[in-house]
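# Structure at a glance
As a plain string of letters, each chain reads:
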Amino acid sequence: MAYKHSYFHAVFWQNLKRNRLAMAGGFVVGLLFVVSVLAPLLVPYDPNGINAWQVLSPPSWQHWFGTDELGRDVLSRVIYGARISLKVGFVAVGIAVAIGTLVGLVSGYYSGIIDTALMRFVDIMLCFPAFFLILAVIAIREPSIWNIMIVIGLTGWMGVARLVRAETLSIREMDYIMAARCIGCSNLRIIFRHILPNAISPVLVAATLGVAGAILTESALSFLGIGVLPPTPSWGNILTSGKDYIEFAWWLSLFPGLAILVTVLAYNLLGEGIRDALDPRVKR
Amino acid sequence: MTTYLAKRIIMLIPLMIGISLISFSVIHLAPGEPVEMQVAMNPKVSKESRERLRKLYGLDKPLHEQYFSWVGKLARFDLGRSFSSDSRPVVEKIKERLPVTLSLNIIALLLEFGLAIPIGIMAATHRDSWLDKGLTIFVFIGFAVPTFWLALLLMYFFGVKLNWLPISGLHTLGSESYGTLHYLWDMAKHLVMPIMVASFGSLAGLSRYMRSSMLNVIGQDYITTARAKGLSERVVIYKHALRNALLPLITLLGFSIPGLIGGSVIFESIYSIPGMGQLFYQSVMSRDYPVVMGILVIGAFLTLIGNLIADVCYAVADPRIRHG
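Every chain is numbered on its own, with residues counted from 1 as its sequence reads. Labels are handed out in written order, letters beginning with A for the chains and numbers beginning with 1 for the ligands. Only residues with pLDDT of at least 70 are given local features in this predicted model, and only at 80 or more are side-chain atom pairs given and counted; all residues enter the totals for whole chains, interfaces and linings.

### A look at the overall build of chain A
To keep it simple, the criterion reads: Secondary structure counts use DSSP, requiring at least four H or I residues in a row for a helix and at least two E residues in a row for a strand, with both numbered from the N terminus. Residues with at least 20 neighbouring C-beta atoms inside 10 Å of their own are called buried, those with 12 or fewer are called exposed, and the rest are partly exposed, where every C-beta is derived from the backbone. Each residue gets a C-beta atom placed from its backbone, and two residues are in contact if those atoms lie within 7 Å.
From N to C terminus, chain A includes twelve helices and zero strands. Shown N-terminal to C-terminal, the secondary structure of chain A runs as helices and strands in the order α-α-α-α-α-α-α-α-α-α-α-α. Looking at chain A as a whole, 47% of its 284 residues qualify as buried. The long-range fraction of contacts in chain A, counting pairs at least 24 apart against all pairs at least 6 apart in sequence, stands at 70%.

Below is the structure:
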């Protein structure tokens, strides 16, 4: 068993390493981690340092990405924005994956009425335009980074639940589950010890793509003024001033948008790469 | 077919109940009461009038009673009155906004499908060509571009830099006095950017979906048979393969509705288009709960109906579903 396990990992890594786009995505994701952690050391200026003499100045050697309407350095703000995106992406997806996995496992393992009820609930949640639901809850509960993460998580678990349920349904019929039951394993032990580890790989793909989605949603919310509130810099709320000053300051709109584009692209490429590497049917 | 339809319609009932329950509870997540919001604006409101307000909105009753009275009204298309100063019925407010959003989204949807189907076919039939590779790049970028950023960029280029297109609203001020053709031309110019933004995001995904669906069908035995009996490639692709490859797209049509409606918040508020998305955004910002609740429910019901229509279309198109 142990041998097989490591063999699987080796093949996975080999497949992933061969995929140049996925590796590029992974590199950017790693870079963003480093930038977020080291942000205070990397920024050329204080991201909240107001400078009345340098309002809306275009990109230059002093300010690579220009300055905003309060004279703050856009590069520094974009670097700090990476922290917010990372945090929102990971916490929101963590919540979504935890709920989705639990619902999927329970639904697939117990089947019957529990399964029907849970899956109908999934159908109901999927009927709501997710963005409407998120907007409504956040506006009611006060916009804050924590509320955003929780709400994006609470509205994003349905896909994971369906994936895990499908996996669980097929794993449940395997001989080793029967064997586990024969030696007297409890339901909980079977679910978490024997089914979960084998059902988790598609979740990895969904989670990676989910981080990208959460970052997009957060930026849209912050852009609309109900996400991360200024003065805390986030890519979305820098773009809000980008919109207000679109006639005079293109750099306010260009750079944060590019940051979002590159980040989301990187997570998507990595996620697709993981999917291909996990799928033995993909031809090389 | 009738049995299938009846089954599907009966299945709608529990979903509708669930939707109403969730919409109702979302609003009651609010700290304090909706009345507090109105009262907070005006410090002169006395305790008695606060009680009167509570009674007016039925907030003095227990939660389950509030829910049943709300659902009872919902069944009669009564969504209550808006909290805003005009205090008009919510249904009326939504009714004047819905057509704008629906027609915008339908145009965007037609554009998407009109472009995605040929792109998908081309990419599938010319696999690994420059077109196929170009599509892959386009798909990844399409998934990663934030729609509101795209809206900003378009606004900058076509609105500010080139000054070709108007950047907000549906009409030019005073366009009522224009002739019919001029009036429509003016509106069309206002709609170009919003429709581009609305259709761009899903265009990428849809094209790729069409491509993989087409590739899947081309690998089937009946396509090999069609080729083996000497049919021309054109007949094989457009007659035998295309019909079957289009089937899964019907389901996708149903799935794309909530995304489209949700996305309308963004482009409608950027381009100041008086649709349902803008109304929702404004109501959320001013905590106009009856309107928020009403739009949530109507948005979800629209999705439900869209899914039903898609499923029925699928059943009409594919006998395997109807009889299976």
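### What about the nonpolar core?
For clarity, the threshold we go by: A set of buried Ala, Val, Leu, Ile, Met, Phe, Trp, Tyr and Cys residues, joined through C-beta atoms within 7 Å, is what we mean by a nonpolar core.
Counting residues in hydrophobic clusters, the biggest one holds 149 residues, and the most contacted among them are Leu135(A), Ala136(A), Ala151(B), Phe280(B), Ile295(B) and Leu296(B). In terms of residue count, helix α3 (residues 74-110) of chain A provides more of this core than any other element does, 16 residues in total. Here Leu135(A) is in contact with Ile226(A), Val265(B), Phe280(B) and Val284(B), once residues within four sequence places are set aside.

### What about the interface of chain A and chain B?
The condition is simple: Under the scheme applied here, ten amino acids are nonpolar (Ala, Val, Leu, Ile, Met, Phe, Trp, Tyr, Cys and Pro), four are charged (Asp, Glu, Lys and Arg), and all others, including Gly, are polar.
Between chain A and chain B, the residue contacts involve 36 residues of the former and 39 residues of the latter. Elements with a minimum of two residues in the side of chain A that touches chain B: α4 (112-127), α5 (130-140), α10 (201-223), α11 (235-244) and α12 (250-278) of chain A. In terms of residue class, the side of chain A that touches chain B is made up of 26 nonpolar, five polar and five charged.

### Describing the packing of α5(A) against helix α11 (residues 276-285) of chain B
For any two helices packed against each other, the geometry comes down to the angle between their axes and how far apart the axes lie. What counts here: Axis definition: a line fitted to C-alpha atoms, limited for helices to the stretch in contact. Angles are taken between N-to-C directions and run from 0 to 180 degrees. Our angle categories are set so that under 35 degrees counts as roughly parallel, over 145 as roughly antiparallel, 65 to 115 as roughly perpendicular, and the remainder as oblique. Crossings are assigned a handedness: left-handed for a near helix turned anticlockwise from the far helix by less than a right angle, right-handed for a clockwise turn.
Look at α5(A) against α11(B): their axes get within 9 Å of each other, and the N-to-C directions meet at 20°. Between α5(A) and α11(B), the crossing angle belongs to the class labelled roughly parallel. For the crossing formed where α5(A) meets α11(B), the hand is right-handed. In contact with Phe132(A), Leu135(A), Ala136(A) and Ala139(A) of α5(A), α11(B) contributes Phe280(B), Val284(B) and Met285(B). Here the residues of the contact of α5(A) with α11(B) sort into seven nonpolar, no polar and no charged.

### What to know about unusual backbone geometry
Going from Pro230(A) to Pro231(A), the amide bond is cis rather than trans, its omega being 10°. If you trace the backbone, Pro231(A) turns up in the loop between α10 and α11. The phi torsion at Ser111(A) lies on the positive side, around 45°, for a residue other than glycine. We classify Ser111(A) as partly exposed; it has 14 C-beta atoms within 10 Å. A positive phi is found at Phe77(B), a non-glycine position, where the angle reads about 55°. Structurally, Phe77(B) is set in the loop between α4 (63-75) and α5 (90-125). A residue is classified by how many C-beta atoms lie within 10 Å of it, and Phe77(B), with 11 of them, is exposed.

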